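# Working through the structure, step by step
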Amino acid sequence: MRLTLLALLTALLLNAPAHAQATIADQAQKAFDLFAGGLSQPDYLGGKATNVLFSNVAGKWVSLYGPAPRTGVETYGADTEKFCKGNGVLTLATPDAYTLSVTALPGDVEFKQSYLLVAGSTFAEHTDPLGYFASIGLGPDKVGPQFDQQRILALSQANGVVQIYRPSADILVFHREKAYPSVLARCPNP
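In what follows, the accompanying structure is described. Because the structure is predicted, anything quoted here is derived from the model rather than measured.

### Topic: the nonpolar core
In terms of nonpolar packing, the biggest core is built from 23 residues, with L92, L100, Y115, I164, L172 and F174 touching the most fellow members. Listing elements by their share of this core, those giving two or more residues are strand 2 (90-96), strand 3 (99-104), strand 4 (111-119), helix 6 (129-135), helix 7 (145-158), strand 6 (160-168) and strand 7 (171-176). With residues near it in sequence (within four places) discarded, L172 still touches L53, V57, W61, L92, I164, Y165, R166, S182, V183 and L184. Counting residues in hydrophobic clusters, the runner-up holds eight residues, among them C84, V89, A185 and C187.

Next up, the structure:
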């Protein structure tokens, strides 16, 4: 009976949630590590987060999409190879230690976006307007106040402050204010 009780208590202790034993300080450090990539606060705020974010990031990536239309089934990553063979491929590069460059060719016109480090995982997003407008059908051939308003709205949504996280070597997450996060996946090598 004592052996059974001891075995039961041991099993309960071994399977107890870790957060029940962790202090608030431990939990806070774990939460900070999630966003800081394991860096100290001074290193994170001092621009060293790009060492983790941009390490081996150059190459072909695609945007992953959430629930499938009509079914609502979560499809993150299920069609990555198919997307990598389509025209939604993004080319990522790091021209310097603080900038991520993204080139897109969604149709006939290429456009570029750059993400310049502000601090930590916060970046200023800049989208090349001429290429972007042409790629979304709002090029200079479209004239009139309605097209001007559409361009203003489109550019306001394509520029701003972005948080970038890298939960794994093959996944990047871009989080914009008031928007669903964009998840990018690295294309497999051909």
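Okay, back to it.
### Topic: the state of the cysteines
Taken as a whole, this structure holds one disulfide when the rule is applied. Across a sulfur-sulfur distance of 2.1 Å, C84 and C187 are joined as a disulfide pair. Between C84 and C187, the S-S dihedral sits near -95°, and the bridge is therefore left-handed. Of this pair, C84 sits in helix 5 (residues 80-84) while C187 sits in the segment after strand 8 (182-186), placing them 103 residues apart in sequence. According to the relative accessible area criterion, C187 is buried, its value standing at 8%.

### Regarding the layout of surface pockets
Counted as a void, the largest pocket has a volume near 700 Å³. Lining the largest pocket are 32 residues, and of these S63, L90, Q113, R176 and S182 lie nearest its centre. Breaking the lining of the largest pocket down by element, the ones donating at least two residues are strand 1 (59-64), strand 3, strand 4, helix 6, helix 7, strand 7 and strand 8.

Parameters and conventions
Within each chain, residue numbers correspond to sequence positions counted from 1 in written order. Only residues with pLDDT of at least 70 are given local features in this predicted model, and only at 80 or more are side-chain atom pairs given and counted; all residues enter the totals for whole chains, interfaces and linings. Processing note: side-chain calculations cover all non-hydrogen atoms of the structure and skip hydrogens and water entirely. Nonpolar cores were defined as sets of buried Ala, Val, Leu, Ile, Met, Phe, Trp, Tyr and Cys residues, with membership established by side-chain atoms within 4.5 Å. Buried, partly exposed and exposed residues are distinguished by accessible area as a fraction of the type maximum, computed with a 1.4 Å probe on protein chains only: under 20%, between the cut-offs, and over 50%, respectively. Strands here are runs of E lasting at least two residues and helices are runs of H or I lasting at least four, both read from the DSSP assignment and numbered beginning at the N terminus. Whether two residues touch is decided by their heavy atoms; if any such pair falls within 4.5 Å, the residues are in contact. Here, the term disulfide refers to a pair of cysteine sulfur atoms separated by no more than 2.5 Å. Definitions used throughout: a 1 Å grid over protein atoms alone; a cavity as a set of points that fits a 1.4 Å probe which cannot get out; a pocket as an open set with protein on both sides within 12 Å along at least five of seven lines; a lining residue as one with an atom within 4 Å of a point. Grid points are joined across faces, edges and corners, and a volume is the space filled by probe spheres set on the points.

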